[in-house]
Amino acid sequence: EAEVAQSPRYKITEKSQAVAFWCDPISGHATLYWYRQILGQGPELLVQFQDESVVDDSQLPKDRFSAERLKGVDSTLKIQPAELGDSAMYLCASKPPGDFDGYTFGSGTRLTVV
Amino acid sequence: DQQVKQNSPSLSVQEGRISILNCDYTNSMFDYFLWYKKYPAEGPTFLISISSIKDKNEDGRFTVFLNKSAKHLSLHIVPSQPGDSAVYFCAASWGGSQGNLIFGKGTKLSVKP
C-alpha cells in the first residue's frame, strides 16, 4: 500500500537551533500539505503545494518557517530558529487530483524543543 | 474562531454498544465532510466521508449522518470494538477538491471490553 514517507520520526532540538523535516508524498499526488498538530488539538494547515507552487501559506509563520517543493515531488519544512512553542507533531499529507478521500497522511515528525 | 467543533474531548463505550461522535461546524460554505481516526504516534487515517448533497453515508460498522440545517454531523460505530479505541477527528472542506481540510480538536474514544 502506498504511503506518505516522513523523516525523522522524532526530533529533539534546542531553542534557537534550526530544524528540518522531509516528506515524500505518494507517487502521482500533485497536492502536498504540511500540518502542525499541537497535543490536544486538531491538525492545522501550515502550507499547501500544488506541484512545486505554493497554493496557501497564509498560516505559515514566515519569519521562522519555510517550505519548499522544488521539483514538485518531495518537500522540506524548515524552522529557524526553533522556539519552545514549536513543539508539536508535524504531519505531511498528499492527495490525488479531485479526491479528498485519497487524502493520505504520513506518520509525522514529533518535534520537541528544549 | 473554530469553524469545526468537537465539543466532547472523550467518550467511553462498552464493547458491542453504539459509539456516537458528534461534530458541529459554523461555515455554511463547507460542502464535504470527513472523519479520520488516529492512533498514538501515527498520522490520521481516513475513515468515512459525506458530501453535503447527502444526509447519510454508510460503510460497514461506520455511518455518518449530516444535518445541514443544524450544521451538525455525527459518526456512529455499531458495534463498537476495542480496536476502535483512538482519537477521531472531524474535518470539513469547501471549494471543491482544490481546497484543504479544517479539522476539529478530536474526540478520544475508549471502547472497554
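Scroll up a little and you will see the structure.
Computed from a predicted model, the values in this text were never measured in an experiment. Every residue gets a number counted from 1 within its own chain, in the order that chain's sequence is written. Key to labels: chains lettered from A, ligands numbered from 1, both in the order written. Local features are withheld for residues below a pLDDT of 70 in this predicted model, meaning they are given only at 70 or higher, and side-chain atom pairs are given and counted only at 80 or more; totals for whole chains, interfaces and linings count all residues. Excluding hydrogens and water, the side-chain values take into account all heavy atoms of the structure.

### Some thoughts on the sheet that holds strand 8 (residues 75-79) of chain A
Residues and elements named next belong to chain A.
Line of reasoning, step 1. For two strands to count as paired, DSSP must find a minimum of two bridges between them. Numbering of helices and strands runs from the N terminus; a helix is a DSSP stretch of H or I covering at least four residues, while a strand is a stretch of E covering at least two. Spatially, 1-3-8-7 is the arrangement adopted by the four strands of the open sheet, whose pairing is antiparallel. Lying at the two open borders of the sheet, with one neighbouring strand each, are strand 1 (5-7) and strand 7 (65-68). In this sheet, adjacent strand axes meet at a mean angle of 15° when their direction is disregarded.
Line of reasoning, step 2. In the sheet, strand 3 (residues 19-24) pairs with strand 8 via five bridges, with the strands oriented antiparallel. In the strand pairing of strand 8, A20 is matched with K78. Angles run from 0 to 180 degrees between N-to-C directions of axes, and those axes are lines fitted to C-alpha atoms, restricted for helices to the stretch in contact.

### Focus: the pattern of salt bridges
Line of reasoning, step 1. A pairing counts as a salt bridge when a side-chain nitrogen of Lys or Arg comes within 4 Å of a carboxyl oxygen of Asp or Glu. Using the criterion set out here, one finds five salt bridges over all chains in the structure.
Line of reasoning, step 2. Note that A:D86 is salt-bridged to A:R36, the shortest N-O span being 4.0 Å. With a gap of 50 residues between them, A:D86 in the loop between strand 8 and strand 9 (88-95) and A:R36 in strand 4 (residues 31-37) connect regions that are remote in the sequence. This pair shows no difference in class: A:D86 is buried, exactly as A:R36 is.
Line of reasoning, step 3. Ionic pairing is found between B:R61 and B:D84, a salt bridge with its closest N-O pair at 2.8 Å. Here B:R61, found in the loop between strand 6 (56-59) and strand 7 (62-67), pairs with B:D84, found in the loop between strand 8 (72-77) and strand 9 (86-93); they are 23 residues apart in sequence, far enough to count as distant.
Line of reasoning, step 4. Here the residues in one salt-bridge network are A:R36, A:R64, A:E83 and A:D86, joined through shared partners. For each residue, the accessible area found with a 1.4 Å probe, counting protein chains only, is set against the maximum for its type, and the residue is called buried under 20%, exposed over 50%, and partly exposed in between.

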